[in-house]
Amino acid sequence: MQLIRNPARQEWPSILARPVLDNAALLAQVGEVLDDIRKSGDVALGKYIIKFDGEIQGDLRVSASSIVQAGDELDIELKQAIDVAFNNISRFHTAQQELVQPIETTAGVVCWRKSLPISRVGLYIPGGSAPLFSTVLMLGIPAMLAGCKEVVICTPAGKDGTIHPAILYAAGKVGIQEIYRIGGAQAIAAMASGTSTIAKVDKIFGPGNQYVTAAKQLVQMQGVAIDMPAGPSEVCVLADETANPAFIAADLLSQAEHGPDSQVLLVTNNASIINDTNIALETQLQQLGRKSIAELALQNSKAILVANMDEAMDMVNAYAAEHLIIASTQYEKYMDKVEHAGSVFLGNLTPESAGDYASGTNHTLPTNGYARAYSGVSLDSFVKKVTFQHINESGIRNLGPAIITMAQAEGLDAHANAVKIRLNQ
């Protein structure tokens, strides 16, 4: 990692900037795919599947029997691990359900808010060489708990044309039966505009490569809701003298192996922590199956030495990381000072991997500094909050004069009359 010592605050924005990509050509290429599928439907969809994925034998939709049989193809230990994650994620997201609470704002005027599920949602699940079955749980469980009537998964098939059984097993756990063997921008296009094979969805969720991300950005501009803006994955480790350098190195590498454009950041007031972490990084890096990917990601990454932990805290808030690890036995001193982060991992025994898989929190989080304004996926992501109100006779008498006065002051006579006509009768 690049070492930066005691940078001046005016240098922070440039130091903390994410790698900027000129994606104009990418957006243009993806835009052509979206337009083609929107106009020509399945004909265009089939063309792009052959072009990017190779010809798929049989139906695009996975059969119900394949979903049922997936459990028989998995190692029992993996099935049990998925079951543990399912239980924890379900427990955490069930607690997010909101009770309806009618409030009488004025005598005779009652207002309340109710969560209603989004009817049809689309989940994009990366597959192929790295099938992210954990994302099926992270997105499928809150969709199930929210009561979404229809949930569809699009995921690319492996070289043999099949979907990894762990993805199918996880989908079966959350009750998803509509699964298509399709990936890339063409999958986002199909879900966004609809074809004869895949019906249009109301909102699209899930991570993906640069083509998927670009497609989600473009369909959002065309009026299709998405979970959140997303960029390359990232982690920031805030460490004091009580941190464990070997643990820090492991956490940095666990993020770096996602992809060469991932970014990892270490912020500390202790030079020895940086030195010892670098030694541990070199040792652990040699043991990784995705070593070459992690090495490329580390080139985008920084270790920043600051004067004290107050300054370190200010820096991590300025960065607004997707994942923030507070590597310290004294994490309680720092956790209430967190202002911007997607998800926070407290103490030396809490790896970011826990949130990625099985602690219960959701791993679909805002990246690229969007944690300053966006939340990670939750139960709320799959519902609309609809307000209701009822006014009886005493209520319209009590509240009516204020409404009339305000409407007339704004010059909206019809608004005022809608109240007057009721009071007059």
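Whatever comes next refers back to the structure up there.
Residues numbered from 1 in each chain as written. Predicted model: local features only at pLDDT ≥ 70, side-chain atom pairs only at ≥ 80, totals over all residues. Heavy atoms only, no water.

Undergrad: Explain the overall build of the chain to me, and be specific about the residues and the numbers.
TA: Looking only at helices and strands, one finds 17 helices and 14 strands in the chain. Reported as C-alpha extents along the three principal axes, the dimensions of the chain are approximately 85 × 60 × 45 Å. Burial statistics for the chain: of 425 residues in total, 47% are counted as buried. Expressed as a percentage of contacts within the chain between residues at least 6 apart in sequence, the contacts between residues at least 24 apart total 76%. In the chain, the 31 positive side-chain charges and the 43 negative ones have mean positions that sit 7 Å from each other. (Helix = DSSP H or I, 4+ residues; strand = E, 2+ residues; numbered from the N terminus. Buried < 20%, exposed > 50% of the residue type's maximum accessible area, 1.4 Å probe, protein only. Contact = heavy atoms within 4.5 Å. Lys, Arg positive; Asp, Glu negative; His and termini not counted. Charge placed at Lys NZ, Arg CZ, Asp CG, Glu CD.)

Undergrad: Describe the pairing of strand 3 (residues 109–117), and please don't skip the residues or the numbers.
TA: Judged from the three bridges that link them, strand 2 (residues 103–106) and strand 3 form a sheet pairing that is antiparallel. Looking at strand 3, one finds that Glu 104 is bridged to Val 110. Taken together, strand 2 and the strand that follows it, strand 3, pair antiparallel across an intervening segment of two residues, in which Gly 108 is found at a positive phi of about 90 degrees. With nine bridges connecting them, strand 3 and strand 14 (residues 383–391) associate as antiparallel partners. Across the sheet, residue Val 110 finds its bridge partner in strand 14, namely His 390. (Pairing = 2+ DSSP bridges.)

Undergrad: Outline the nonpolar core, supporting the account with residue identities and numerical values.
TA: Residues Val 121, Leu 123, Leu 137 and Phe 382 are the most contacted members of the largest nonpolar core, which totals 39 residues. Going through the elements one at a time, helix 4 (64–73), helix 5 (76–94), strand 4 (120–124), helix 6 (133–146), strand 5 (150–155) and helix 7 (165–173) are the ones with two or more residues in this core. Take this core: its biggest share by element is eight residues, from helix 6. Excluding its chain neighbours within four sequence positions, the residues that come into contact with Leu 123 are Leu 139, Gly 140, Val 151, Val 152, Ile 153, Cys 154, Ile 176, Met 191, Phe 205 and Phe 382. Core analysis: the next-biggest nonpolar cluster, separate from the first, contains 33 residues, Ala 44, Leu 60, Ile 188 and Ala 214 among them. (Core = buried A, V, L, I, M, F, W, Y, C linked by side-chain atoms within 4.5 Å.)

Undergrad: Describe in detail the environment of Leu 281, supporting the description with residues and values.
TA: Mapping Leu 281 onto the fold places it in helix 11 (residues 271–285). Leu 281 gets classed as buried once you look at its relative accessible area, which sits at 5%. Separated by 28 residues in the primary sequence, Leu 281 and Leu 253 place their C-alpha atoms 7.5 Å from one another. Among residues more than four places away in sequence, those in contact with Leu 281 are Met 1, Ala 249, Leu 252 and Leu 253.

Undergrad: Which residues make up the pattern of salt bridges, and what values do they have?
TA: All chains considered together, the criterion is met by 13 salt bridges. When the shortest N-O distance is used, the salt bridge between Arg 18 and Glu 234 registers 2.7 Å. Taken together, the positions of Arg 18 in the loop between helix 1 (12–16) and helix 2 (24–40) and Glu 234 in strand 9 (residues 234–239) put the pair 216 residues apart, joining distant regions of the chain. Across the pair, Glu 234 and Arg 18 agree in class, each one buried. Residues Lys 337 and Asp 310 are paired through a salt bridge, measuring 3.5 Å at the closest nitrogen-oxygen approach. Here the residue Lys 337 occupies a position in the loop between helix 14 (332–335) and strand 13 (341–346), and Asp 310 occupies one in helix 13 (residues 309–319), the gap between them amounting to 27 residues. A relative accessible area of 39% places Lys 337 in the partly exposed class. One network of salt bridges, with partners in common, ties together Glu 98, Arg 113, Asp 380 and Lys 385. (Salt bridge = Lys/Arg side-chain N within 4 Å of Asp/Glu carboxyl O.)

Undergrad: Which residues make up the sheet that holds strand 4, and what are the values?
TA: With respect to topology, five strands assemble into an open sheet ordered 6-5-4-7-8, the strand pairing being parallel. Each having just a single partner strand, strand 6 (178–181) and strand 8 (225–226) make up the two edges of the open sheet.

Undergrad: Tell me about the packing of aromatic side chains, and please be specific about residues and values.
TA: By the definition in use, this model includes four aromatic pairs. Taking the centre distance of 5.7 Å and the plane angle of 5 degrees together, the rings of Trp 112 and Phe 388 count as stacked. Here Trp 112, found in strand 3, pairs with Phe 388, found in strand 14; they are 276 residues apart in sequence, far enough to count as distant. Lying across the ring of Tyr 319, Arg 18 places its NZ or CZ 3.8 Å from the centre. The ring centre of Phe 86 lies 4.6 Å from the NZ or CZ of Lys 173, which sits over that ring. (Phe/Tyr/Trp six-rings, centres within 6.5 Å; stacked < 30°, edge-to-face > 60°. Lys NZ or Arg CZ within 6 Å of the ring centre and 35° of its normal.)

Undergrad: Tell me about the sheet that holds strand 9, residues and numbers included.
TA: Spatially, six strands are ordered 1-11-10-9-12-13 in an open sheet, and the strand pairing comes out parallel. Pairing within the sheet leaves two strands with one partner each, and these edge strands are strand 1 (2–5) and strand 13. Across the sheet, the mean angle from the axis of one strand to that of its neighbour is 20 degrees, orientation sign disregarded. Relative to strand 11 (residues 302–305), strand 1 runs parallel, the two being bridged by four bridges. Note on strand 11: the bridge partner recorded for Arg 5 is Leu 305. Contacts between helix 13 and the sheet are confined to strand 9, strand 10 (263–268), strand 11 and strand 12 (321–327), with strand 9 contributing the most and set at about 170 degrees to the helix. (Axes fitted to C-alpha atoms, helices over the stretch in contact; angles between N-to-C directions.)

Undergrad: Give a description of the environment of Leu 298 that names residues and reports values.
TA: Within the fold, Leu 298 resides in helix 12 (residues 291–298). Taking the C-alpha atoms as reference, Leu 298 lies 43 Å from Ser 65; in sequence the two are 233 residues apart. Setting aside anything within four residues of it in sequence, one finds Leu 298 in contact with Met 1, Leu 253, Ala 256, Val 264 and Leu 285.

Undergrad: Quick one: what's the story with the packing of helix 2 against helix 9 (residues 210–221), residue by residue and with numbers?
TA: Remark: helix 2 packs on helix 9, axes separated minimally by 9 Å, with the N-to-C direction vectors making an angle of 70 degrees. It follows that helix 2 is roughly perpendicular to helix 9 by the angle criterion. Like other packed secondary-structure pairs, helix 2 and helix 9 cross with a definite hand, here right-handed. Taken together, the residues of helix 9 that come into contact with helix 2 (itself represented by Leu 26, Leu 27, Gln 29, Val 30, Gly 31 and Leu 34) are Gln 210, Tyr 211, Ala 214, Ala 215, Gln 217, Leu 218 and Val 219. (Parallel < 35°, antiparallel > 145°, perpendicular 65-115°, else oblique. Left-handed = near helix turned anticlockwise from the far one by under 90°.)

Undergrad: Which residues make up helix 7, and what values do they have?
TA: By the criterion of burial, helix 7 is predominantly enclosed, with seven of the nine residues buried. All of the buried residues in helix 7 are Pro 165, Ala 166, Ile 167, Leu 168, Tyr 169, Ala 170 and Ala 171. Contacts made by the buried residues of helix 7 are with helix 4, helix 5, helix 6, strand 5 and strand 6. Positive phi appears at Gly 175, one or two residues downstream of helix 7, with a value of about 80 degrees.

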